[in-house]
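Examination of the molecular architecture
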Amino acid sequence: MTNHLTRSLFILAAVLCVQITGSGISRADTMEPVCIQCHSKQPGRLGAPVADWRTSVHAANGISCNNCHGGDPSDFAMAMSPDRGFLGAPKDTAIPAFCGRCHVGVEKDYLGSAHGRALGRGGPQCVTCHGNHAVQLATPDLINEKSCTRCHSFERARIIKAAMADTDRQISDLERSLAQLKTTGVVTDQMDGDLFSVRNQFHRLFHSVEVDKVRSQTAAFQADLKKIRDKVDAIHAEQQRRKTWGAVVIGLLIGCGILFMLLFHAYKAELPDNDS
């Protein structure tokens with residue numbers, strides 16, 4: 001009896017231990033980085049970055065504080081320790097290299113541009129146009145009179161934006177087309193990858209701020225987009241053919257069914273009446 005009771009208590013304790021441990025792991029898995037937990041409770045400028053970050057393309061893609069600023073996102077005490085890789089906020093002249101750890105190609109184009117050559121002498125850097133925490137998806141809308149005229153006239157920027165606008169619309173249309181194809185069960189991985197590559201390379205043109213370069217390279221990007229569009233159109237055409245043939249087959253089956261019923265009723269009508 002004593003052994004049985006001991007065994008039961010041991011099993012109960014083990015179950016409770018597993019439940020408590022599992023609950024703790026679950027909470028840890030869903031826990032936000034300590035940076036967010038701490039700063040979201042702070043007033044004013046200390047808390048503002050969290051609200052801005054939540055609206056950003058970074059947040060939408062799982063890029064959090066530590067991915068840019070370093071540190072330990074799981075330890076309150078060591079979150080801002082240089083020993084854990086904490087970098088803090090960069091100085092203005094260091095921002096391109098700071099962002100360039102991920103946006104390598106963009107950094108290269110920026111540094112070769114008139115903007116990049118003026119870095120440290122009043123020229124703009126990444127944060128000037130994109131913001132620091134509320135970073136949005138790069139589109140031609142970032143090229144606008146309000147932003148550009150903070151430093152110079154809008155004339156060159158207007159020409160660049162006009163040259164790029166149609167291509168960007170084609171990219172957006174293709175993104176919607178591929179998303180729609182996915183809902184029909186079509187595998188679009190290759191086309192998604194091709195479009196991702198074209199979009200990223202195309203958006204690098206934003207940072208060259210050279211009218212002639214934008215005009216000359218835009219045509220090449222549009223040719224690449226046409227190849228993807230042709231593939232999408234071919235898939236749509238094949239889907240339409242299948243729908244058409246499916247409708248024809250169904251129509252034929254219905255017609256055959258009706259013809260069979262008519263023949264059957266005609267056959268029954270010609271049979272002799274057994275009652276007579």
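Above this text is the structure in question.
Residues numbered from 1 in each chain as written. Predicted model: local features only at pLDDT ≥ 70, side-chain atom pairs only at ≥ 80, totals over all residues. Heavy atoms only, no water.

1. A few points about the overall build of the protein
For clarity, the threshold we go by: Where helices and strands are cited, they refer to DSSP runs of H or I of at least four residues and of E of at least two residues respectively, numbered from the N terminus. Whether a residue is buried, partly exposed or exposed follows from its accessible area with a 1.4 Å probe, protein chains only, as a fraction of its type maximum: under 20%, in between, or over 50%, in that order.
The secondary structure content of the protein amounts to 13 helices and 0 strands. The helix and strand sequence of the protein, counted from the amino end, reads α-α-α-α-α-α-α-α-α-α-α-α-α. Counting every position in the protein, which comprises 276 residues, the buried fraction comes to 23%.

2. Some points on the nonpolar core
If you look at soluble globular proteins, the nonpolar side chains tend to sit buried side by side. Filter applied, for reference: For our purposes a nonpolar core is just a set of buried Ala, Val, Leu, Ile, Met, Phe, Trp, Tyr and Cys residues, chained together by side-chain atoms within 4.5 Å. By definition, residues are in contact when any of their heavy atoms lie within 4.5 Å.
Membership of the largest hydrophobic core comes to 23 residues, with the highest contact counts inside it found for Ile143, Ile160, Met164, Leu195 and Phe202. Broken down by secondary-structure element, the contributors of at least two residues to this core are helix 11 (155-183), helix 12 (189-204) and helix 13 (211-270). Here the element with the most residues in this core is helix 11; it accounts for 7 residues. When sequence neighbours within four positions are dropped, the list of residues in contact with Leu195 reads Ile171, Leu174, Glu175, Leu178, Leu225 and Ile228. Core analysis: the second largest hydrophobic core is formed by 5 residues, Cys35, Ile36, Trp53 and Cys65 among them.

3. A closer look at the side chain of Asp109
Here Asp109 shows up in helix 7 (residues 104-111). Discounting chain neighbours no more than four positions away, the residues touching Asp109 are Arg204, His207, Ser208 and Lys213.

4. Some points on the side chain of Ser56
The condition is simple: Here a polar contact is taken to be a pair of N or O atoms separated by no more than 3.5 Å, where protein atoms must pair a possible hydrogen donor with a possible acceptor and residues adjacent in sequence count only if both atoms sit in side chains.
Along the polypeptide, Ser56 turns up in the loop between helix 3 (48-54) and helix 4 (57-60). Overall, the relative accessible area of 4% leaves Ser56 in the buried class. Here the side chain of Ser56 touches Ala59 through a polar contact of 3.0 Å, landing on its backbone nitrogen. Setting aside residues up to four positions removed in sequence, Ser56 forms contacts with His133, Ala134, Val135 and Gln136.

5. Regarding the packing of aromatic side chains
As a reminder of what qualifies: Stacked, tilted and edge-to-face are the three classes assigned to paired rings of Phe, Tyr and Trp, where Trp is represented by its six-membered ring and a pair needs centres within 6.5 Å; plane angles under 30 degrees give stacked, over 60 edge-to-face, the rest tilted. Geometrically, a charge over a ring is one whose NZ (Lys) or CZ (Arg) sits within 6 Å of the ring centre while staying within 35 degrees of the ring normal.
This model, assessed by the stated rule, comprises 3 aromatic pairs. On the basis of an interplanar angle of 85 degrees and a centroid distance of 6.1 Å, the ring pair of Phe202 and Phe206 is categorised as edge-to-face. Phe202 gets classed as buried once you look at its relative accessible area, which sits at 0%. A relative accessible area of 13% means that Phe206 is categorised as buried. A network of ring pairs unites the aromatic residues Phe202, Phe206 and Phe221 as a single cluster. Of note, Arg101 hangs over the ring of Phe98, and the distance from its end group to the ring centre comes to 4.3 Å.

6. Digging into a nonpolar patch on the surface
The condition that has to hold: Two distance rules govern patches: like charges are joined within 9 Å, and nonpolar side chains (Val, Leu, Ile, Met, Phe, Trp, Tyr) within 5 Å, applied only to residues with over 30% relative accessible area and no salt bridge. Here, Shrake-Rupley sampling with a 1.4 Å probe gives the accessible areas, and only protein chains in the shown set may cover a residue. Any Lys or Arg side-chain nitrogen located within 4 Å of an Asp or Glu carboxyl oxygen qualifies as a salt bridge.
Taken together, Ile250, Ile254, Ile258 and Leu262 make up a surface patch of nonpolar side chains, about 410 Å² in accessible area. Of note, Ile258 is situated in helix 13.

7. Brief notes about helix 11
Think of an α-helix as 3.6 residues a turn; residues three or four steps apart then line up on the same face. Note the cut-off: By definition here, a helix of n residues has an expected span of 1.5 Å times n minus one. By definition, a residue's bend is the angle between the axes fitted to the seven residues ending there and the seven starting there.
For helix 11, with 29 residues, the first-to-last C-alpha span of 43 Å sits near the 42 Å given by 1.5 Å per residue. A bend of about 35 degrees at Ala165 is the largest found in helix 11. Looking at helix 11, one finds that the buried residues are Ala157, Ile160, Met164, Thr167, Asp168, Ile171, Leu174, Ser177, Leu178 and Leu181. Buried positions along helix 11 lie against helix 10 (145-148), helix 12 and helix 13. Phi turns positive one or two residues past the end of helix 11, at Gly185, with a value near 90 degrees.

8. Notes on unusual backbone geometry
The phi angle at Val209 is positive, at roughly 45 degrees, despite the residue not being glycine. Considering the arrangement of structural elements, one finds Val209 in the loop between helix 12 and helix 13. The buried category is assigned to Val209, whose relative accessible area is 17%.

9. Focus: the pattern of salt bridges
Within this structure, the stated rule accounts for 14 salt bridges. A salt bridge links Asp75 to Arg84; the nearest nitrogen and oxygen atoms lie 3.7 Å apart. For Asp75, a relative accessible area of 24% translates into the label partly exposed. Arg84 sits in the partly exposed class, given a relative accessible area of 37%. Arg229 is the partner of Asp233 in a salt bridge, and the nearest nitrogen-oxygen pair spans 3.7 Å. With Asp233 and Arg229 both in helix 13, this residue pair falls 4 residues apart, about one helical turn.

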